[in-house]
Amino acid sequence: MNTLLALILIGFAVAALAVSVHKIFKAATPYILALYPLGLTVYFFSQLSAVHHHALQFQSSWVPSLGINFDFSLDGLSLLMALLVSGIGTFVVIYAGGYLHGDENLGKFYLFLLLFMSAMLGVVLADNIILLFIFWELTSISSFFLIGYKHKYEDSRDSALQALLITGAGGLALLAGLILLAQIAGTTQLSALIGQADIIQNHALYPVMLILVLAGAFTKSAQFPFHFWLPGAMAAPTPVSAYLHSATMVKAGIYLLARLHPALSGTPLWIGIVTTFGAFTMLMGGYLSWQKFDLKKILAYSTISALGTLTMLLGIGTKLAVETALTFLLAHSLYKGALFMLAGGIDHETGTRDVRILGGLRKTMPITFVATTIAILSMSGIPPLFGFVAKELVYDSTLHMDSAAWLTTAVAVLANIGMGAAGWIIIVKTFFGPEGDTPKHAHETPWTLWIGPVVLAGLSVLFGILPDIYGSGLLNDAFHVFFPDSDKHIHLALWHGFKTPLYLSIVTVLGAIGLYLVHERLLPVAERIDQISAIGPQNLYKRGIKALPVRANQVSHIIQNGKLRNYLLWTTVAGFVFFLLGLWYSDIPLTFRASFNFAPRYYEIGLSVMLMIAAIGAAASSSRMASIAFLGIVGYVIAVFYILFGAPDLAMTQFSIETLSVILLVLAIYKLPRFAGVSTKLEHRRDAIVSAIMGAMVTLMIIAATSFPLESRLSPFFSENTYILAKGHNVVNVILVDFRGMDTMGEVAVLVIAALGAYALTKLVPQKEGN
Amino acid sequence: MFSLLFRTATRFLFPLMIVFSIFVLFRGHNAPGGGFIGGLVGAAGFALYIIAFGTEQARTAMRFSRRLYMAIGLTLMLGSGLVSLLAGDAFMTTQWYSIQIPVLGKLGTPAIFDTGVYLAVIGVTMIILMSLAED
Amino acid sequence: MDIVLAITIGVLVAAGIYMIQRRSFVKLILGIAMLGHAVNLMIFTLGRVTRGVPPIIHGEHGLDVGAADPLPQALILTAIVIGFGVQAFAIILIKRVYSVFQTDNIDTLVNTDFE
């Protein structure tokens, strides 16, 4: 049984039911819905021992011919991510109930949140490239709805759209990259890629594929130059920020890098791009984080910095760096998830997130204060918290790089100093000093808002003191996904002795305190530097978004101006040019000899001339009746042609239709306007030329086509089987009612729809107008 | 248009055209003809009736509502395809029965299908013509 | 014979295109019908014309040598009927447009909304 598929489908089902659950159970909704992630968490914990050194595979076929299957696999890496998704998810579901208490759209909120949760599970559990992509896009879409949850605010809508466009564009690149990857490797199974690393990396298209895949991962994980959607996404309700935009979804890009690491990493291109972009993003996030005043913005930029760190580590790609990345991943999710929820709690109770207004909350919100302090200390890398363990490892990794070790280490230290300062700003400005003049009078949050952060902060302490619970457990199994052949056994420790990383940590902490003390004086300087952002990616995006409809309008005005004649003009000219080009470059011989399969008789030529005269007459006549009569002649002469050339069925149809047509036109004609001679002489001439070109093109096309003998495999089939299979003698009729009966039914349905439309237009419209 | 001569002629022509249309419908399997052509000939007969006697009379001459013609037509077409499902074949697999019917020949689902086409075409054409004629 | 038909079809197409370029609604409808005729005849010609032998099976096996190709005929047969349906729908639609807007100039209908 495909347990993982079932778990994800259950998630979709729960999401679909969320609105109804909220209608029925009202306030109890969060606790009911939290049972789903809680159940997942329990299940995934129970699998901890199962993934030890091997992966659990679950397979069901979907479109096997295209290599798209419901293949899932659970290994150390997936399990780590799945535990984050379900564990933090449980707290977020409960938290959202408190945070959005009384919101009438809460059901809808849970719909999207649970949709995201299931999709995210799909991303981390999928073992099929295309399946992964589908879930990947689902997370983008649910993120769009969640950011735009307060859709009455323009800001929310813009941010949602911005996030969707950027992650969506990246998603397209990713799809292209993944398809290329599957083509190169000859498999769509992720777990099979690892054995193909040599083939993939030596393939000529490897650079193209890598850049496309990285574009997907970088947009999702907010790497420079795509980082700016993440601060914008802070318009989402805080539970969303805590869950999607710090703990899980933004880590999807990191997860993808990690998942493809064994197959793609190690080349100079990978190391160069991934490490550089990661390091730059890390530095930029750290630099910008201490300049913000909005709690969530501060956290957003420090998240960008952390994502940059993770990307950089995966770029370095050594065993030590991977071990570090996996440690840092967990540490960051624990403290950042907690911090977002705490910031939301403060916002909820005081009515503001602005650190310039907040102050003195340490007495009124003691639980929040303690939890925040622990989480911030973990973020700043202060022992004995888990963040310290992770940061020591980061420095250790950068110091052991093959090249640019000191430069990268310096960048890491600077980024961490920035983040550290941001941490001090949060603690000191929010909790100390005089009480701020906040919109609401502050008091402690309800338990639903602090239970999640307190548990997460507690875990930061637990893993800090006893890091090997994680280190020799899950981390080890995740590590061996990257290096299956390695016999290294990982041990994490709080204390590494007096070595360079420790000194760097001390420098970092002191630097952060120093930066905090002078940061207000530095703000004007930073503002001036910030003017570079006029040419930054966010401004480019904004200008592009503004210009897009304007340009689109201009183009539409040229090619879609509502005048049929202009369309025809363009179509004709373009069609003719391409037709001539096609004739020129193909070797279709315009030999008329082959087309003369039999010589025309004099009456056939006579009929043709009659046809042409009638056609020109219909076009040229200024009388409606005469035009209809000419058209009737055209129809009847064509019917005669059908008789002459062996198509009695067509002739009969044509005769009856022509009769009905004339009746129809005569019935309608007196209710329709007369011909108006509004066109100028010049227009007439132009139209005549356009028509003549089109006519000539068709003639040439027919001559070109009929200069080949026709090779039909269908016609002989029908000819041979009409009597044998369908017991009929009239092949045309048998094709219609038997061989292609389904088509005929569709065609009759079209007729019926046309008739109903005609009926509605004549009978039903006046009544509608009366309303 | 409402000349006596035309009306009298129509009185004779109309039943002939209807009978002829049915004849065309059923001979279609083996000779030129079939549901489309039969339906159009039948519709032409009714059109004649409209011109001679007006829409109200034509409506009476049709006996059933035009929508019913279309509905029965489509139902027959779909139904003839569903028969094969009962027989355990794929949708629209032709079924033949060994009953010989005079004039019509062997009975099979294609004949039912073609009759459906015939009725639907009459219904469609008459809806369109009458909408225009009445408006 | 093909070349005669090719030229004839070319003239039909030209006439049809010329008609739908006029601003008059009636010409538009007639032009569409004309194009329909032209295209039917074109499919017929592309299926290679033969003189006089309809695709009716005599005896038990296959068509006689030289019989017309039944496949284009089956295509055209439904195309004729559907063309009629479309033409009828267009007539009624335009009649409706005319009664609402009271204009015969297609160019005045650039906007899709009532004004």
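Residues numbered from 1 in each chain as written. Chains lettered and ligands numbered in written order. Predicted model: local features only at pLDDT ≥ 70, side-chain atom pairs only at ≥ 80, totals over all residues. Heavy atoms only, no water.

K.L.:
Kindly report on helix α5 (residues 129-147) of chain A, identifying the contributing residues and their values.
P.N.:
Residues and elements named next belong to chain A. With 19 residues, α5 ought to run about 27 Å at 1.5 Å a step, and its terminal C-alpha atoms sit 27 Å apart, in line with that. Most of α5 is tucked away: 14 of the 19 residues are buried. Capping the start of α5 is the job of one residue whose side-chain oxygen sits 2.9 Å from the backbone nitrogen of Ile130: Asn128. (Helix = DSSP H or I, 4+ residues; strand = E, 2+ residues; numbered from the N terminus. Expected span 1.5 Å × (residues − 1). Buried < 20%, exposed > 50% of the residue type's maximum accessible area, 1.4 Å probe, protein only. Polar contact = N/O pair within 3.5 Å; in protein donor to acceptor, adjacent residues only side chain to side chain.)

K.L.:
A description of the packing of helix α2 (residues 25-46) of chain C against helix α3 (residues 70-101) of chain C should follow, citing residues and the corresponding values.
P.N.:
The angle between the axes and the distance between the axes are what describe a pair of packed helices. Residue and element names in this part refer to chain C. Taken N-terminus to C-terminus, the directions of α2 and α3 make an angle of 175°; their axes are 10 Å apart at the nearest point. In this view, α2 runs roughly antiparallel relative to α3, as classed from their interaxial angle. Between α2 and α3, the contacting residues are Phe25, Leu28, Ile29, Ala33, Asn40, Ile43 and Phe44 on the first element and Pro72, Gln73, Ile76, Ala79, Ile80, Gln87, Ala90, Ile91, Ile94 and Val97 on the second. Among the residues making up the contact of α2 with α3, the classes are represented as 14 nonpolar, 3 polar and no charged. (Axes fitted to C-alpha atoms, helices over the stretch in contact; angles between N-to-C directions. Parallel < 35°, antiparallel > 145°, perpendicular 65-115°, else oblique. Contact = heavy atoms within 4.5 Å. Nonpolar A, V, L, I, M, F, W, Y, C, P; charged D, E, K, R; others polar.)

K.L.:
Pulling in residues and values, what's your account of unusual backbone geometry?
P.N.:
All names here are of chain A. Cis geometry is found at the peptide bond from Phe224 to Pro225, where omega equals 5°. Within the fold, Pro225 resides in the loop between α9 (206-220) and α10 (229-232). Here the residue pair Pro383 and Pro384 is connected by a cis peptide bond, since its omega of 5° sits within 30 degrees of zero. With respect to the element layout, Pro384 can be found in the loop between α17 (366-380) and α18 (386-399). Phi at Lys26 is positive, roughly 50°, even though this residue is not glycine. A residue is classified by how much of its surface remains accessible, and Lys26, at 54% relative accessible area, is exposed. Located in the positive-phi region is Ala222, a residue other than glycine, with phi close to 55°. Residue placement: Ala222 occurs in the loop between α9 and α10. On the accessibility criterion, Ala222 (0% relative accessible area) is buried.

K.L.:
Explain the interface of chain A and chain C to me, and be specific about the residues and the numbers.
P.N.:
The interface is formed by 102 residues belonging to chain A together with 82 residues belonging to chain C. Note on chain A versus chain C: buried area summed over both sides is about 8,500 Å², and carbon and sulfur give 72% of it. Counting across the interface, chain A meets chain C through 1 salt bridge. In this structure, the salt-bridge partner of C:Arg22 is A:Asp687, at a minimum N-O distance of 2.6 Å. If you look at where chain A meets chain C, you find 16 residue pairs in polar contact (both at pLDDT 80 or more). Put simply, the parts of the chain that give the side of chain A that touches chain C at least two residues each are α25 (564-585), α26 (602-620), α27 (624-644), α28 (648-669), α29 (681-706), α30 (714-726), α31 (731-739) and α32 (741-770) of chain A. Broken down by element, the side of chain A that touches chain C gets its largest block of residues, 15 residues, from α29(A). Of the residues assigned to the side of chain A that touches chain C, the class counts are 62 nonpolar, 26 polar and 14 charged. (Buried area = accessible area lost by both parts, 1.4 Å probe. Salt bridge = Lys/Arg side-chain N within 4 Å of Asp/Glu carboxyl O.)

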